[in-house]
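# Secondary and tertiary structure notes
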Amino acid sequence: MKVALLGPIAWRTPPLHYGPWELITSLLAEGLTERGIDVTLFATLDSVTKAALDGVSPTGYEESADLDGRVWEALHVSHVLSRSGEFDLVHNHLDWLPLAFSRHCAAPLLTTIHGFSGPSIVPAYQRAASSYVAISDSDRSPLLSYVGTVHHGVDLTALPVSLSPMTDLIAFGRIHPDKGTDLAIEIAARAGRRLILCGIVQDRSFFEAAVEPKIDGDRVVHLGSVGPADRGRILGSGAALLHPIRFAEPFGLSVVEAMACGTPVVAYRKGSMPEIVDEGVTGRLVTDLDEAVAAVEGIGTIDRAGCARRARERFSADRMVDDYLTIYRKIIS
């Protein structure tokens, strides 16, 4: 089996700090290669992989002011399609753009939908010659047909289990109204806990108005975007991860990573959270601030070893690779 992974190019694969789509593409590339699959990863040319690497963009366009993302994504897709006849399957992780040219793909095309940026892009999916995978059942569009749902997997070797946490709370993810960073600050304050914020500032005006004034380096600490070397240590150090989202989260990688470390999650009951969080085992699902504060106050009743065990059973990278291989074989056959 020869597989082309059409990866995103906003960031290097695997990412140096932020880049969830790049991270999943990397884990899949390495896992497939370890199983003896002939994989070519199409990503930025500074990417690191055991698979064959090809591409056109020297680095991620979010990492270089000299690169226009629209231009380099178009060049990237064109290059992959020009080689598509060499493969048994092309697996797209680059959102809707490759779908606009799917009729030019000489191999079967599979697209993992990492999330919809809005309803206006759905026509690209409806008209494309591609099979689709959802990353959660909650994120399936009723307008599309799917060959399956594959929950993301994580690298468990980078996420040590921590059974003796501090009392701090963690909020891990891009700083944006969707992620409820301001709500996490309020929950921590009302619970009388210190909050550690980790993540890129994606919405500058929101950060300056609702988040930055609360960062005092004592009760609220912002560590910025945290790379792979520190993610496990920080996520494992918290009494709980706060995830008070305002939108239908398609998946939530930091949620799974925290649970795999033994850190339970207090998450708003939106999007994929009821699929991902096992109530009372890996966290608590809540609907508002009052419920979130109460959940934090009672978070010690959740067994951290049991939390880690359940998350590691459900969300390993190996399980994700196996799920994709099953779908690949179905499409190719």
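Description of the structure in this document.

Thresholds, definitions, all that
- Residues numbered from 1 in each chain as written.
- Predicted model: local features only at pLDDT ≥ 70, side-chain atom pairs only at ≥ 80, totals over all residues.
- Heavy atoms only, no water.
- Pairing = 2+ DSSP bridges.
- Helix = DSSP H or I, 4+ residues; strand = E, 2+ residues; numbered from the N terminus.
- Contact = heavy atoms within 4.5 Å.
- Axes fitted to C-alpha atoms, helices over the stretch in contact; angles between N-to-C directions.
- Buried < 20%, exposed > 50% of the residue type's maximum accessible area, 1.4 Å probe, protein only.
- Expected span 1.5 Å × (residues − 1).
- Phe/Tyr/Trp six-rings, centres within 6.5 Å; stacked < 30°, edge-to-face > 60°.
- Lys NZ or Arg CZ within 6 Å of the ring centre and 35° of its normal.

### Examining the sheet that holds strand 2 (residues 38-42)
Pairing is parallel across the open sheet formed by seven strands, whose spatial order is 3-2-1-4-5-6-7. In this open sheet, the two strands that pair with only one neighbour each are strand 3 (52-54) and strand 7 (148-149). As judged from the five bridges shared by strand 1 (residues 2-6) and strand 2, these two strands associate in the parallel manner. For V3, the partnering residue across the bridge sits in strand 2 and is V39. Those strands touched by helix 2 (residues 69-82) are strand 1, strand 2, strand 3 and strand 4 (89-92), and its axis lies near 155° from that of strand 2.

### Brief notes about unusual backbone geometry
Residue P14 follows T13 across a cis peptide bond; omega there is -10°. With respect to the secondary-structure elements, P14 resides in the loop between strand 1 and helix 1 (20-34). Despite not being glycine, D95 shows a phi value in the positive range, around 65°. Inspection of the secondary structure puts D95 in the loop between strand 4 and helix 3 (97-100). Take D95: its relative accessible area is 16%, and that puts it in the buried class.

### Things to note about helix 12 (residues 317-332)
Between its first and last C-alpha, helix 12 extends 22 Å over 16 residues, near the 22 Å set by a 1.5 Å rise per residue. Among all positions of helix 12, only A317, R319, M320, V321, Y324, L325, I327 and Y328 are buried.

### Considering the packing of aromatic side chains
Taken as a whole and assessed by the stated rule, the structure comprises six aromatic pairs. Their ring planes at 80° and their centres at 6.0 Å tell us that W11 and Y18 sit as a pair that is edge-to-face. In this structure W11 comes out as buried when scored by relative accessible area, which is 13%. Chaining the aromatic ring pairs together yields one cluster made of F116, Y125 and Y132. The ring of F87 has K2 sitting right over it, with the charged end atom 5.8 Å from the ring centre.

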